[in-house]
Amino acid sequence: EQEEQEEQEEQEEKVEENVHESFNLDSSLSIQEASDISKNKQQKSIVKKRSLPLKIFFRFWKVVKESILALKHNPRLIIPYVGGFVARSDSIVITMFITLWVQQRMISDGFSLEIGAQRGGAYSGITQTIALLSAPIHGLIADRFNRLYSLLFASVISGIGYISTYFIPNITKNWVFLSLFLIGFGEIGVIVNTQVLLTVYCPPQYLGSVAGLYSMIGGLGILFTSIIGGRLFDVSPSSPFIIIGFFNIFLSIVCALVITFEQFYYIVSSWKRSRSLDSTSST
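Heads up: these notes are all about the structure in this document. (Residues numbered from 1 in each chain as written. Predicted model: local features only at pLDDT ≥ 70, side-chain atom pairs only at ≥ 80, totals over all residues. Heavy atoms only, no water.)

As a further point, take the overall build of the protein chain. The secondary structure content of the protein chain amounts to seven helices and zero strands. Tracing the protein chain from N to C terminus, the helices and strands come up as α-α-α-α-α-α-α. Looking at the protein chain as a whole, 35% of its 283 residues qualify as buried. For the protein chain, the proportion of contacts with a sequence separation of at least 24, taken over those separated by at least 6, is 81%. For the protein chain, the computed accessible surface area is about 17,800 Å², with 64% contributed by carbon and sulfur atoms. (Helix = DSSP H or I, 4+ residues; strand = E, 2+ residues; numbered from the N terminus. Buried < 20%, exposed > 50% of the residue type's maximum accessible area, 1.4 Å probe, protein only. Contact = heavy atoms within 4.5 Å. Areas by Shrake-Rupley, 256 points an atom, 1.4 Å probe, with all protein chains shown as cover.)

Printed below as a string of structure tokens:
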């Protein structure tokens, strides 16, 4: 009987050892699987981090490619692109350099920095108020007349307003408000008409990409005017205004060329159509 009991105890000990070994094996396998899963996740996250710049680049390239295809479909889209650059450059000149110019002049005349900042902010606010009140007028003009003529008119007015600041010896005198009126009235006209022409000229399937490129070009205009205008402002306070004035004149020249080409094409096509009708009637 004692021998049987000993044999049973030995068998129970072996069973317990086997159970412990199986548990240890399962735990080691689960730990290994968990480490493998974590390694896989880390590798996937590294791959995602590496591929994220490529995805951004390919999406950006897709937008540029579709915008170029839209430009091939309708070359007149060059006008909203140029207008977007000019319009955003206009806005940064008014909000930044008019305040600095007035502030610099007030300090040189013996006033404090606070008074100069207040006067400069007032000039900028007046210009933006004129632009705000003029926006519905440009909207009505764009609906009633040819949009190209409306943009041509607004860019010429804005260009005259900016270039006229060169002839202002003292920016704090009251007759400077004439230039501010022309700038505000023309600035909002360029913004409104370029956005209208963007929706008119753009093919519907490329509208999102074209709008994105339009905004990017506007951002480049802000960046260019902030950097180059800031450097030129140290040379002469009116220099940024003169540059933006010539940008507006350049935009008006582009509009005039497109209008001339369209009129010439219309005359030629009408002449060809009349000749074809005459030839068919004679036969």
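Scanning all chains against the criterion turns up two salt bridges. Salt-bridge contacts for R76 lead to E262; the nearest nitrogen and oxygen are separated by 2.6 Å. Of this pair, R76 sits in the loop between α1 (2-73) and α2 (78-108) while E262 sits in helix α7 (residues 239-282), and the two are 186 residues apart along the sequence. The class for R76 is partly exposed, based on a relative accessible area of 32%. Assessed through its relative accessible area of 24%, E262 is described here as partly exposed. (Salt bridge = Lys/Arg side-chain N within 4 Å of Asp/Glu carboxyl O.)

Here the focus is the environment of S236. Note that S236 resides in the loop between α6 (207-235) and α7. Distance from S236 to Y166, taken between C-alpha atoms, is 9.5 Å for residues 70 residues apart in sequence.

Glancing now at the nonpolar core. Counting 29 residues, the largest nonpolar core has L77, I79, L148, L151, V210 and L251 as the members making the most contacts within it. Taken together, the elements giving at least two residues each to this core come down to α2, α4 (147-163), α5 (177-201), α6 and α7. With seven residues, the single largest contributor to this core is α5. The next biggest cluster of nonpolar side chains, apart from the first, holds 18 residues, and it includes I94, I168, F233 and I244. (Core = buried A, V, L, I, M, F, W, Y, C linked by side-chain atoms within 4.5 Å.)

Attention shifts here to the packing of aromatic side chains. Applying the stated rule across the entire model yields 10 aromatic pairs. Arranged with centres 6.3 Å apart and planes meeting at 35°, the rings of Y162 and F241 form a pair that is tilted. Here F241 lies in helix α7 and Y162 lies in helix α4, a separation of 79 residues in the sequence. On the basis of relative accessibility, which here comes to 0%, the residue F241 falls in the buried class. For the pair F181 and F185, a centre-to-centre distance of 6.1 Å together with 20° between the ring planes defines the contact as stacked. Residue F181 and its partner F185 are both found in helix α5; the two are separated by four residues, about one turn of the helix. Its relative accessible area of 41% is what places F181 among the partly exposed residues. (Phe/Tyr/Trp six-rings, centres within 6.5 Å; stacked < 30°, edge-to-face > 60°.)

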